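Notes for the structure review
Spelled out from the first residue to the last, the chains are:
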Amino acid sequence: MEPQVKRWKWSVCNSDSWVAYPVLSDEHSQDIELMEAFASPIVNKKETARLVRELNSLYPLSGLQHIKRVRACKEQGSPHPLEVLVCLVSDAPDMEAVSLDSLLPSDGVLHDGLGEPFVVKVPARPPLTRSQFEQTSRHWPTSFHEDKQVTVAMRGELFSPPQKASMHMYMMSALAAANAGKEMGMEAVGAVVVNPATQRIIAVGHDCRGHHPLKHAVMVCIELVAQSQGAGCYSFDRYPACRFISPTSDTCLNVPDAEASSQPYICTGYDLYVTREPCVMCAMALVHSRIGRVFYGTASADGALGTKFKIHSQKDLNHRFEVYKGVLITQCEDLNRSDDHIQKQSLEERR
Ligand SMILES: [Zn+2]
């Protein structure tokens, strides 16, 4: 038992060496989009409530409920304490020169209490992250309903030390599978599917493209999960590191589990740990198999979960999932580098 205890302590200790960051949708990660609007100083504060009511009626900010109509004046020593949003530039009538008379018809809003208008920039959509909120606040105040989990995840602090220790071990299993595949001449990519509810590994796989061109490590793992549920059709007998574990047994098996009826649909609720960011094919297979979360070590130039595409956050697909990157990033990058080196060598040998 002694070596196992030592290994566990090593894993806990080394899980401090990496940080898992979320791969967020474009809506979360892009800079905020701005649009132009006319604002005016409120020179008579007592008129504020009436002005807001009448402006809301004349120029409702439809679909822009996140924008606050009135802001405190930023400039110190300003003669007026408040400014009000009159309307979007796109909603304003055609006019030769910007003036209150042109913007506000005499029978709509009484000009009393308003100063001359000027152009400001306002955010076109509500901020989704604290960073976007800070950006929008530099232009015009908005409401912000903070998703605390996103804020904590973006700081790389979502997972507790015990959770990180488990994640570390799962990725170590994926790295071991990748190395086993590499020794058999495959690309050095490994993957592990875990049931987070029971903390049990369901399947371990590595790249098997020597067997079939589509058998990337992720595809192999999904196939093995299907086999653990009594389905699947490929045999991985020639790859001993590719295996699934029966949900009802602690033993690794290479025959289908007969008790498949109570199993979830393929990967529903399961986590995938993979050394390298999956490609488009694998990402789509993860959508189809209803994976719960994906953790990968290092990004890939053709990656479809953050680098080239963000398939996990596509609104027009019928399943979405969370993605985190950076788990054991150094070891995963080393694996990729050694793989690139071997591929270059074999290309040169073929010339
Ligand atoms: Zn792939």
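Residues numbered from 1 in each chain as written. Predicted model: local features only at pLDDT ≥ 70, side-chain atom pairs only at ≥ 80, totals over all residues.

**Regarding the nonpolar core**
- Core analysis: the biggest nonpolar cluster contains 63 residues, and Val218, Cys221, Val225, Leu272 and Tyr273 have the highest contact counts within it.
- At 9 residues, the largest contribution of residues to this core is made by helix 8 (residues 217-228).
- Grouped together as the second largest cluster of nonpolar side chains are 15 residues, Phe38, Val86, Leu114 and Val122 included. (Core = buried A, V, L, I, M, F, W, Y, C linked by C-beta atoms within 7 Å. Buried ≥ 20, exposed ≤ 12 C-beta atoms within 10 Å, placed from the backbone. Helix = DSSP H or I, 4+ residues; strand = E, 2+ residues; numbered from the N terminus.)

**Quick word on the pairing of strand 11 (residues 293-298)**
- Within strand 11, 5 of the 6 residues are buried, which leaves it mostly tucked inside the rest of the structure.
- Between strand 10 (residues 271-276) and its parallel partner strand 11, the chain crosses via helix 9 (residues 280-288), and the hand of that crossover is right-handed.
- Direction of pairing for strand 11 relative to strand 12 (residues 322-325): parallel, over a ladder of 4 bridges. Considered in strand 12, the bridge of Phe295 is made with Tyr324. (Right-handed = clockwise from strand over helix to strand, strands pointing away. Pairing = 2+ DSSP bridges.)

**Digging into unusual backbone geometry**
- The backbone phi angle of Gln199 is positive, close to 60 degrees, even though this residue is not glycine.
- Here Gln199 shows up in the loop between strand 6 (190-195) and strand 7 (200-206).
- Positive phi outside glycine occurs at Leu328, with the angle close to 50 degrees.
- Summarising the element assignment, Leu328 is placed in the loop between strand 12 and helix 10 (329-350).

**A closer look at helix 7 (residues 161-183)**
- For helix 7, with 23 residues, the first-to-last C-alpha span of 33 Å sits near the 33 Å given by 1.5 Å per residue.
- Downstream of helix 7 by one or two residues, Gly185 has phi in the positive range, about 90 degrees. (Expected span 1.5 Å × (residues − 1).)

**Here's the deal with the packing of helix 8 against helix 9**
- Contact pair helix 8 / helix 9: the axes reach a minimum separation of 9 Å and the direction vectors enclose 25 degrees. Classified by the interaxial angle, the pair formed by helix 8 and helix 9 is roughly parallel. Crossing handedness for the pair helix 8 and helix 9: left-handed. Facing Val218, Met219 and Ile222 of helix 8, the residues of helix 9 in contact are Cys282, Ala285 and Leu286.
- For the contact of helix 8 with helix 9, the residue count by class is 6 nonpolar, no polar and no charged. (Axes fitted to C-alpha atoms, helices over the stretch in contact; angles between N-to-C directions. Parallel < 35°, antiparallel > 145°, perpendicular 65-115°, else oblique. Left-handed = near helix turned anticlockwise from the far one by under 90°. Contact = placed C-beta atoms within 7 Å. Nonpolar A, V, L, I, M, F, W, Y, C, P; charged D, E, K, R; others polar.)

**Overview of the pairing of strand 12**
- The pairing of strand 1 (residues 21-22) with strand 12 spans 2 bridges and is classified as antiparallel. Each residue of the ladder has a partner; that of Pro22, found in strand 12, is Tyr324.

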